[in-house]
Amino acid sequence: MSDNELGAFLRARREALTPAEAGLPTGPRRRTPGLRRAELAMLAGVSVEYLARLEQGRDRNPSPQVLGALSDALRLPLDARVHLRRLVKSGGQQHMCSMVPTPAREVRPPVRALLDRLGPTPAAVVNMLGEIVAHTEGYALLAGPLGLLEGDPPSLLRYLFTDPRARAVYPDWDRVADQQVAALYFGLTGSDPRVAELARELTVTAGSAFSDRLAAAGLLRARSGVERLVHPEVGELRLAYEVLELAETDGQNMLVHLPADEGTSLALDRLVGRRPGTLRAVGG
């Protein structure tokens, strides 16, 4: 992971934003589809020289006003703005609170009780390294036959990038891989030495499929969406997912899957041995 994460993120977002999206004319003979540095500087009301210092890591402490102006100019959604603020904090060797969250491998009793209440619903608690540290019975029935719960502890990242079954399980593997690396990058931003060790490990074991994504600092994790998954017992499933952030000091998220259509709802009912309609499709 780069030691200039703030600059890498700003540059990646600048290069990903087209002039049309920013409200500018495209113009002839552009070498890249993204914004030029001068164009972003103009939109944000800062000098080209100052923007260059930010992107090159020579200035790592922009004011909140500058961050707001850059966020507006880059059309950043809320998640990206929060991430940008965290990058500034981590660049100053500080965190948003007095305690840096760690990727814990235990869950608090109330979280465990919540998982027990969810019963047949596929849900898991995942720490900031992508490790599955607790899950419901429904998640075990869904993920166990896929091999997702192998390992000590089970790791979504290691499964996705090093297990030969993963690409068959996830028809949209590239998009899922983007999301998992974004979760790692967003959650830690280099503040915990364990992320550096995991990054070194996966750079060797998975190669460019992992390292190229980690270097693409503009990736952002979606906290909700629909994911396709091919299960050996019930076939292809369309699962709506929600990523629920637990207390910041936990360093954990809860991942909840719900059926996205009636066919998936019936398939999950068969999988968990429940009567039809137990797990209703989202919006159903």
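These remarks concern the structure in this document.

Conventions used here
Residues numbered from 1 in each chain as written. Predicted model: local features only at pLDDT ≥ 70, side-chain atom pairs only at ≥ 80, totals over all residues. Heavy atoms only, no water. Helix = DSSP H or I, 4+ residues; strand = E, 2+ residues; numbered from the N terminus. 1 Å grid on protein atoms, 1.4 Å probe; cavity = no way out; pocket = protein on both sides within 12 Å on 5 of 7 lines; lining within 4 Å. Points joined across faces, edges and corners; volume = space filled by probe spheres on them. Salt bridge = Lys/Arg side-chain N within 4 Å of Asp/Glu carboxyl O. Core = buried A, V, L, I, M, F, W, Y, C linked by side-chain atoms within 4.5 Å. Buried < 20%, exposed > 50% of the residue type's maximum accessible area, 1.4 Å probe, protein only. Phe/Tyr/Trp six-rings, centres within 6.5 Å; stacked < 30°, edge-to-face > 60°. Pairing = 2+ DSSP bridges. Axes fitted to C-alpha atoms, helices over the stretch in contact; angles between N-to-C directions. Contact = heavy atoms within 4.5 Å.

1. A few points about unusual backbone geometry
And step 1. Cis geometry marks the peptide bond from Asp152 to Pro153, where omega comes out at 0°.
And step 2. By the secondary structure assignment, Pro153 is in the loop between α7 (137-143) and α8 (156-162).

2. Details of the layout of surface pockets
And step 1. When its volume is computed, the second largest pocket comes out at roughly 220 Å³.
And step 2. Counting residues per element, the lining of the second largest pocket draws most heavily on helix α1 (residues 5-16), which supplies three residues.

3. Some remarks on the pattern of salt bridges
And step 1. Going through the model one piece at a time under the given rule, you end up with 19 salt bridges.
And step 2. Between Asp178 and Arg213 there is a salt bridge, with the nearest N and O atoms lying 2.6 Å from each other. Here Arg213 lies in helix α12 (residues 208-215) and Asp178 lies in helix α10 (residues 173-188), a separation of 35 residues in the sequence.
And step 3. Close ionic contact of Arg200 with Glu197 constitutes a salt bridge, the shortest N to O distance being 2.9 Å. Of this pair, Arg200 and Glu197 both sit in helix α11 (residues 193-205), three residues apart, roughly one helical turn.
And step 4. Here the salt bridges share partners, and the residues they tie into one network are Asp172, Arg175, Arg228 and Glu236.

4. Some remarks on the nonpolar core
And step 1. Core analysis: the biggest nonpolar cluster contains 62 residues, and Phe161, Tyr170 and Phe210 have the highest contact counts within it.
And step 2. Looking at this core, the element that brings in the most residues is α10, giving six residues.
And step 3. The next biggest cluster of nonpolar side chains, apart from the first, holds ten residues, and it includes Ala123, Val133, Leu246 and Met254.

5. Describing empty space enclosed by the protein
And step 1. Per the stated rule, a full pass over the model turns up five cavities of 30 Å³ or more.
And step 2. Estimated volume of the second largest cavity: approximately 250 Å³.
And step 3. Taken together, 21 residues line the second largest cavity, and the ones lying closest to its centre are Tyr170, Val176, Gln180, Glu227 and Leu255.
And step 4. Taken together, the elements giving at least two residues each to the lining of the second largest cavity come down to α7, α8, α10, β3 (224-231), β4 (235-245) and β5 (252-259).
And step 5. For the lining of the second largest cavity, the leading source of residues is α10, giving four residues.

6. Brief notes about the packing of aromatic side chains
And step 1. Enumeration according to the criterion identifies two aromatic pairs in this entry.
And step 2. Relative to Trp173, the ring of Phe161 lies with its centre 5.6 Å away and its plane at 75°, an arrangement referred to as edge-to-face. Residue Phe161 is found in helix α8, and its partner Trp173 is found in helix α10; the two are separated by twelve residues along the sequence.
And step 3. Residue Phe161 is classed as buried on the basis of its relative accessible area of 10%.
And step 4. Take Trp173: its relative accessible area is 4%, and that puts it in the buried class.
And step 5. Ring geometry for Phe161 against Phe210: centres 5.5 Å apart, planes inclined by 85°, an arrangement best described as edge-to-face. One end of the pair, Phe161, is in helix α8; the other, Phe210, is in helix α12, and 49 residues separate them in sequence.

7. Observations concerning the sheet that holds strand β1 (residues 123-127)
And step 1. One open sheet accounts for five strands, arranged β2-β1-β5-β4-β3; its pairing is antiparallel. Since the sheet does not close on itself, it has two edges, and those belong to β2 (132-135) and β3, each with one partner. Strand-to-strand, the axes of this sheet are offset by a mean angle of 30°, without reference to chain direction.
And step 2. Sheet analysis places β4 next to β5, joined by seven bridges and oriented antiparallel. Considered in β5, the bridge of Glu242 is made with Val256.
And step 3. Running at roughly 90° to β4, helix α13 (residues 262-272) makes contact with β3, β4 and β5 of the sheet.

8. Some words on the pairing of β1
And step 1. Burial of β1 is extensive: five of the five residues sit out of reach of the surface.
And step 2. Burial along β1 is two-sided: the residues Ala123, Val125 and Asn127 and Ala124 and Val126 are all buried.
And step 3. When β1 meets β5, the two strands line up antiparallel, connected through five bridges. Bridging from a neighbouring strand, Val126 pairs with Asn253 of β5.
And step 4. Taking the residues that link successive antiparallel strands as the turn, the β1-β2 hairpin has four residues, and the phi of Gly130 there is positive, at about 80°.

Interpretation note: all reported values are geometric properties and have no functional meaning in isolation.
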